[in-house]
Amino acid sequence: MSFEVTPQSIVDVLVIEGSRFGDERGFFTEDYREEDFRKMGIPPFVQMNHSRSTRGVLRGLHYQLPPAAVGKLVRCIRGRILDVAVDLRKGSPSFGQHVMVELDDRSTRFLWVPAGFAHGILILSEEADVHYKQTGYWSPEHERAIRWSCPSLDIPWPKDVEILVSPKDQAAGFLEEAELFS
């Protein structure tokens with residue numbers, strides 16, 4: 001099997017799609033093949049997470065500072081989500097810009113969010129399950145967040161979805177106040 005890679009508007013952010021083989025019994029897809037991902041420049045993964053949320057839940061925009069910065073490979077395995085990556089690398093030509101990709105359970109699409117980016121998901125379906133692999137472990141002392149509604153990010157969240165965030169995410173500061181990557 002092989003993976004189709006689609007570079008996004010920000011360098012290093014990728015949409016990766018695998019092959020799906022289906023018949024009357026269901027389907028089979030290969031989600032991960034280390035040698036193929038290594039050739040794409042994606043480091044190995046050390047942690048896999050699963051979140052379940054209901055419509056309107058927005059998780060993010062989260063990131064971890066060095067030395068615990070992590071890349072994430074995100075896939076929606078049930079339902080439909082908007083997945084957002086925001087470039088936080090100082091000096092990057094795309095600093096403060098974002099990529100927004102819809103992921104759902106009908107496709108084999110992943111979004112690769114490299115270290116140096118904030119990441120967030122918004123649930124569009126009544127419920128959604130999201131799996132994501134990380135290149136590093138969760139580190140609470142390095143974890144940071146930027147408020148999802150930061151005006152300078154200008155992320156076009158859908159107007160027809162009532163957004164629900166955790167108190168921690170609602171208290172997050174704006175990009176201008178954030179600790180960033182060098």
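Nothing here was measured: the structure is a model prediction, and the numbers come from that model.

K.L.:
I would appreciate a short explanation of the overall build of the chain in the present structure.
P.N.:
The helix and strand tally for the chain stands at 2 helices and 13 strands. For the chain, whose C-alpha radius of gyration is 16 Å, the value lies close to the compact-globule estimate of 16 Å for 182 residues. Expressed along its principal axes, the backbone C-alpha trace of the chain runs to roughly 50 × 35 × 30 Å. Taking all 182 residues of the chain together, the buried fraction comes to 49%. When contacts within the chain are restricted to residue pairs at least 6 apart in sequence, those whose partners lie at least 24 apart make up 80%. A gap of 1 Å separates the mean positions of the 21 positive and 27 negative side-chain charges of the chain.

K.L.:
Can you help me understand the pattern of salt bridges in this one?
P.N.:
Any two side chains of opposite charge can pair if their charged atoms end up close together. Using the criterion set out here, one finds 13 salt bridges in the structure. With a shortest N-O distance of 3.1 Å, Arg33 and Glu30 are connected by a salt bridge. Using a relative accessible area of 32% as the deciding quantity, one classes Arg33 as partly exposed. For the salt bridge of Arg75 with Asp31, the shortest nitrogen-to-oxygen distance reads 2.5 Å. Here Asp31 lies in the loop between strand 4 (26-29) and helix 1 (34-39) and Arg75 lies in strand 7 (residues 72-78), a separation of 44 residues in the sequence.

K.L.:
Explain the sheet that holds strand 11 (residues 117-123) to me, please; I cannot follow it from the model alone.
P.N.:
Across the sheet, 5 strands lie side by side as 9-8-11-6-13; this open sheet has antiparallel pairing. What marks the edges here is a single partner per strand, and that holds for strand 9 (98-104) and strand 13 (143-145). On average, each strand axis in the sheet is inclined to that of its neighbour by 25°, with strand direction left out of account. Pairing between strand 6 (residues 58-64) and strand 11: 4 bridges, direction antiparallel. The residue of strand 11 that forms the bridge with Gly60 is Gly120.

K.L.:
Explain the sheet that holds strand 12 (residues 127-134) to me, please; I cannot follow it from the model alone.
P.N.:
The strands that make up a sheet are held in pairs by hydrogen bonds between backbone atoms, and each pair lies either parallel or antiparallel. The sheet built from 6 strands is open, its strands ordered 1-2-10-7-12-5 with antiparallel pairing. Across the chains shown, the open sheet's two edge strands, defined by having one partner strand only, are strand 1 (4-7) and strand 5 (47-54). Adjacent strand axes in the sheet meet at a mean angle of 25°, parallel and antiparallel pairs treated alike. For strand 1 and strand 2 (residues 14-17), the ladder comprises 4 bridges, and the chain directions are antiparallel. Across the sheet, Thr6 pairs through a bridge with Val15, a residue of strand 2.

What counts, and at which threshold
- Residues numbered from 1 in each chain as written.
- Predicted model: local features only at pLDDT ≥ 70, side-chain atom pairs only at ≥ 80, totals over all residues.
- Heavy atoms only, no water.
- Helix = DSSP H or I, 4+ residues; strand = E, 2+ residues; numbered from the N terminus.
- Rg over C-alpha atoms; globule rule 2.2 N^0.38 Å.
- Buried < 20%, exposed > 50% of the residue type's maximum accessible area, 1.4 Å probe, protein only.
- Contact = heavy atoms within 4.5 Å.
- Lys, Arg positive; Asp, Glu negative; His and termini not counted.
- Charge placed at Lys NZ, Arg CZ, Asp CG, Glu CD.
- Salt bridge = Lys/Arg side-chain N within 4 Å of Asp/Glu carboxyl O.
- Pairing = 2+ DSSP bridges.
- Axes fitted to C-alpha atoms, helices over the stretch in contact; angles between N-to-C directions.

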